[in-house]
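Fold and contact review
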Amino acid sequence: MTESLNIVRNRLGQRIAEIETRMPRLAQAAICRKMDAIRAMAADYGLSALEGLADYGAHYAMLPGHVEATRACLSHMAEALGSEAPADRETILAALAVRLH
């Protein structure tokens, strides 16, 4: 299980890196779709911190100011990707909220 979870984390890391690299050229709807794909994969493997963060990013990608919100989400994704504790979800989302407000 640990090996397959490491493979999933690697794939998720690649998707996150792609968004970071391509974000200036991506349309809002494309960012939303990519974040939602990350959210779905994270949910499938019980990575609740990453799931919550990607869900937040998908919703805010469609709003004015989406660049700032997306960058903030991406900056927290490495921490969320490494999390195994469901309680980390609230901590990471709270840190994001503080950063954006």
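Each remark here, short or long, concerns the structure printed above.
If you're wondering where the values come from, they're calculated on a predicted model, not measured in any experiment.

**Looking at the overall build of the chain**
- Along its length, the chain carries five helices and zero strands.
- Its helices and strands taken in sequence order, the chain reads α-α-α-α-α from the N to the C terminus.
- The C-alpha atoms of the chain give a radius of gyration of 13 Å, which matches the 13 Å a tight globule of 101 residues would have.
- Viewed in the frame of its principal axes, the chain has a C-alpha envelope of about 40 × 25 × 15 Å.
- Long-range pairs, those at least 24 residues apart, make up 66% of the contacts in the chain with a sequence separation of at least 6.
- Accessible area of the chain: about 5,600 Å², with a carbon and sulfur share of 54%.
- Positive and negative side-chain charges of the chain, numbering 11 and 12 respectively, have mean locations separated by a distance of 9 Å.

**Some thoughts on the pattern of salt bridges**
- Here the structure, examined in full by the defined rule, presents three salt bridges.
- Between Glu-18 and Lys-34 there is a salt bridge, with the nearest N and O atoms lying 3.0 Å from each other. Of the two residues, Glu-18 is situated in helix α1 (residues 2-22) and Lys-34 in helix α2 (residues 28-44); the sequence distance between them amounts to 16 residues.
- One salt bridge in this structure joins Asp-36 and Arg-39, with 2.9 Å as the shortest N-O distance. Here Arg-39 and Asp-36 lie together in helix α2, a separation of three residues that amounts to about one turn.
- Among the charged side chains, a network of salt bridges with common partners joins Glu-18, Arg-22 and Lys-34.

About the thresholds
- Residues numbered from 1 in each chain as written.
- Predicted model: local features only at pLDDT ≥ 70, side-chain atom pairs only at ≥ 80, totals over all residues.
- Heavy atoms only, no water.
- Helix = DSSP H or I, 4+ residues; strand = E, 2+ residues; numbered from the N terminus.
- Rg over C-alpha atoms; globule rule 2.2 N^0.38 Å.
- Contact = heavy atoms within 4.5 Å.
- Areas by Shrake-Rupley, 256 points an atom, 1.4 Å probe, with all protein chains shown as cover.
- Lys, Arg positive; Asp, Glu negative; His and termini not counted.
- Charge placed at Lys NZ, Arg CZ, Asp CG, Glu CD.
- Salt bridge = Lys/Arg side-chain N within 4 Å of Asp/Glu carboxyl O.

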